[in-house]
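Single-letter residue listing:
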Amino acid sequence: MRQRVLIAGTSPLLAGRLAARCLAAAPGTEVVLVSAALSRPGQPAPDRRELARFVAGCAGGDEAAERLSVVCAEPHAVAAELTAWAAERVWCVVPGWDRSPARGARADTVLTGALLGALPGLGARGYVHVGPDTAPDEDRAHRALERLAVEACLDTGVSWRVLRTPPVVDAWAPALGECPPGAHRLLRALHSVRAEIEDRAPGWFERHPLRVADTAGLGLSLLDAERVAGELWRAGAPGELPDGFATVPRPAPVPLTDVLARAGAVHGIDVRPLPGGESPGAEDRLLDLRLSDVRRHAVPLGNPTEPGEQVGTRPAPAPGAGASAAPPLSPAAQWDLFGAVRACQSSRSGVREPELRRRVVDVAGRPLVLFDGGNGEGTPLLVLNALGQGPGFLNRLCAHLTPYHRLATWLVRGTERADPDWGVPRQLDDIEAVLEAVGWERAHLLGWCTGAKIATAFQQRRPEAVASLVFLNATFRQNDRWDGMDTKYESDLAAVCRALDRRPEKAARMLDLLAPGAVGGKGGSRGDRDAGVLGVLSPALADEVRRPFRDAEVLVRYARQLVDLWRLDSAAQAPRVSVPTLFVSSEFDGISSPARAREAARCFPRARYAELAVAGHYAPHDRPALVAELITEFVRAPHEVAGLVRDAEITWHIDREGATR
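Residues numbered from 1 in each chain as written. Predicted model: local features only at pLDDT ≥ 70, side-chain atom pairs only at ≥ 80, totals over all residues. Heavy atoms only, no water.

**Q** Explain the overall build of the protein chain to me, please; I cannot follow it from the model alone.
**A** On a plain count of helices and strands, the protein chain comes out with 26 helices and 21 strands. At 27 Å, the protein chain has a C-alpha radius of gyration in line with the 26 Å of a compact globule built from 661 residues. Taking all 661 residues of the protein chain together, 58% fall into the buried category. For the protein chain, the proportion of contacts with a sequence separation of at least 24, taken over those separated by at least 6, is 81%. Counting every atom, the protein chain has about 25800 Å² of accessible surface; 52% of that belongs to carbon and sulfur. Computed over 79 positive and 82 negative side-chain charges, the inter-centroid distance for the protein chain is 3 Å. (Helix = DSSP H or I, 4+ residues; strand = E, 2+ residues; numbered from the N terminus. Rg over C-alpha atoms; globule rule 2.2 N^0.38 Å. Buried < 20%, exposed > 50% of the residue type's maximum accessible area, 1.4 Å probe, protein only. Contact = heavy atoms within 4.5 Å. Areas by Shrake-Rupley, 256 points an atom, 1.4 Å probe, with all protein chains shown as cover. Lys, Arg positive; Asp, Glu negative; His and termini not counted. Charge placed at Lys NZ, Arg CZ, Asp CG, Glu CD.)

This is how it looks when you write it as structure tokens:
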């Protein structure tokens, strides 16, 4: 009878490398690989076939693949999956690499508990726990899991090993949806900043550098994942090793300035130190924010211990684990590795179209163009676009949401030549019609820009049909409120719309006052002064921005829709909104006032308010993965979203009920 090893982990990269090691080292052994990786927008977990190909390739081909079984399940579903298996040896791989410490610790705790509870049923004689190598006072959650594992093994008479590993670097990580701390997050930061800027201004990096501060004296340990898997396997797999602890040694750190320079060059970015006394531009600030986690995991150069760790507190390596650290990766190896990671990033980061079907339904005697589709078992999402706008503004966001949610949106009516006047009541009727057409009794409502006020009004009309409200770059402008909170664009637009409502014959002369550059570019004076290239409109949105301004008749209809909307007092409705509400605004939004949205949020009893740094009005298009992650975590756990999505780009002004009120 073949021996069977079960390897379960929240890191498919490290668990998969260990599975390959086991298959290659023990030809008579069967391996069950249970991937409990969390999947979310911007970082999807691999599916079963993708993970099986990765492991088989690392293990040496078809013969190894015949001895491999792969199971992919959310952490909470692992316990049920384990009832189908038996295994002599069990590995729990929870290295703590999730970008959200709270979310990651929860998943690691659930997986560890499931495995420890299943040990008797699995028939296991040995258990190996793999966690992060961090200072004890920095990671109490994973130290608690280690204690839990040891106690459970002592109670059941199972031999045990507790192994600790630093973060790794691996060219396969982006393909498997992983971004371990350290070098991978640095590479991710450079790749994402380049993509966001090049989307607005192709060729910008040929003329401009990015400047970084506060990197002197810091270094990163660059540790190859395959080597770490080998060290872990030797420390935890063979024979009758005594119970105990072992740590994979770290190589000497590479100066962070050198890593940034090489990684920047691979990405086609000139990365320089920020000269003393100079202020960073918006582009520099964006990179700095995305490097904040990298700095947190960096180590002081010339210091063999971690911050806050005393010499001699680390456990000695176990027999076979290797007593000395590996040499750091050579510059040539760094170039090769960073290049391979960038190639993988580029292959997976193309702009996708949302997988939504288009259909036309008759509502109030007029055609309504509807888009719906997506996956997921929870309450679906209903996306309310802004008045007068087409679907292009939200395509990228919807593409990141549809793998996790059912979703529907439609072309907002009222600006086409054949449309009658289409005020707020008719917009609410359209929402009713869309819900009926897709067969949903209840949905989460996502309102972008002017869609926020309409979503609020619909919640008042049909409270039982609304599970929650999400407002993206919302405008809560209202007539006769002169409190200085409107953006310059809102004030100018209001004056033009009121004039057109009275004198529609002036529309042709006013088209130039609302040219696309003013509508979608840098916005108000603050954006002009500070946003730099991040205030430039993406060319992909140029046609969408022109929709309400393409001719005089359409402009008049659009103006009258806005005048009607501004009569609506959403602030007066807000105290009666009983469902959770999430506001997402942007620091450089020169179109919809973040200050007014923040003030409006304080009127909603169950609101959270998040502001994206160095972002503009079109953040759902410019940063779709981050916005989609906020939405996904909010609809899953609205009261916990601020703790689950902690990102240097996000400032939570209202993160719990009763805050800042």
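**Q** Any chance you could explain the environment of S221 here in plain terms?
**A** Looking at the element boundaries, S221 is found in the loop between β8 (218-220) and α8 (225-236). Apart from residues no more than four positions distant in its own chain, S221 is found in contact with R250, P251 and P253.

**Q** Where do I start with the side chain of H400 in this structure?
**A** As for its position among the elements, H400 is in helix α13 (residues 395-401). Taking the relative accessible area as the measure of exposure, H400 reaches 16% and is therefore buried. Side-chain polar atoms of H400 contact the backbone oxygen of R396, separated by 3.0 Å. Setting aside residues no more than four positions away along its own chain, H400 makes contact with P41, G42, R352, P624, A625 and A628. (Polar contact = N/O pair within 3.5 Å; in protein donor to acceptor, adjacent residues only side chain to side chain.)

**Q** Is there a simple way to explain the pattern of salt bridges in this structure?
**A** Pairs can form between side chains of opposite charge once their charged atoms are near each other. The tally for this structure, following the rule as stated, stands at 53 salt bridges. In this structure, R623 engages E196 in a salt bridge whose closest nitrogen and oxygen atoms are separated by 2.8 Å. Taken together, the positions of R623 in the loop between α24 (619-622) and α25 (624-636) and E196 in helix α7 (residues 183-200) put the pair 427 residues apart, joining distant regions of the chain. Like E196, R623 is buried. A salt bridge links R462 to E464, with the nearest nitrogen and oxygen atoms 2.4 Å apart. Here the salt bridges share partners, and the residues they tie into one network are R40, D98, R99, R103, E629, E633 and D647. (Salt bridge = Lys/Arg side-chain N within 4 Å of Asp/Glu carboxyl O.)

**Q** Can you walk me through the packing of aromatic side chains in this structure?
**A** How two aromatic rings sit relative to each other is given by the distance of their centres and the angle of their planes. All chains considered together, the criterion is met by 15 aromatic pairs. Their ring planes at 65° and their centres at 5.6 Å tell us that F471 and F476 sit as a pair that is edge-to-face. There is no split in this pair, since F471 and F476 are both buried. Joined through ring pairs, the aromatic side chains of F471, F476, F583, F604 and Y609 make up one cluster. Cation over ring: R426 sits above W422, and NZ or CZ is 4.7 Å from the ring centre. Taking NZ or CZ as reference, R477 lies 4.7 Å from the ring centre of W566, over its face. (Phe/Tyr/Trp six-rings, centres within 6.5 Å; stacked < 30°, edge-to-face > 60°. Lys NZ or Arg CZ within 6 Å of the ring centre and 35° of its normal.)

**Q** What should I look at first to understand the sheet that holds β8 in this one?
**A** Sheets are built from strands that pair by backbone hydrogen bonding, the pairs being arranged parallel or antiparallel. The strand order across the open sheet built from three strands is β10-β8-β12, with neighbouring strands paired in antiparallel fashion. Two strands close off the open sheet at either side, each with one partner strand: β10 (254-255) and β12 (299-300). Relative to β10, β8 is paired through two bridges, and the arrangement is antiparallel. Counterpart to L220 in the pairing with β10 is V254. (Pairing = 2+ DSSP bridges.)

**Q** Mind showing me how you'd approach the packing of helix α5 (residues 101-122) against helix α6 (residues 140-156) here?
**A** How two helices pack is summed up by the angle between their axes together with the distance between the axes. Taken N-terminus to C-terminus, the directions of α5 and α6 make an angle of 5°; their axes are 10 Å apart at the nearest point. In terms of axis orientation, α5 runs roughly parallel to α6. Taken together, the residues of α6 that come into contact with α5 (itself represented by A105, D108, T109, T112, L116, L119 and P120) are A141, H142, L145, L148, A149, A152, C153 and T156. When grouped by side-chain class, the residues that make up the contact of α5 with α6 number ten nonpolar, four polar and one charged. (Axes fitted to C-alpha atoms, helices over the stretch in contact; angles between N-to-C directions. Parallel < 35°, antiparallel > 145°, perpendicular 65-115°, else oblique. Nonpolar A, V, L, I, M, F, W, Y, C, P; charged D, E, K, R; others polar.)

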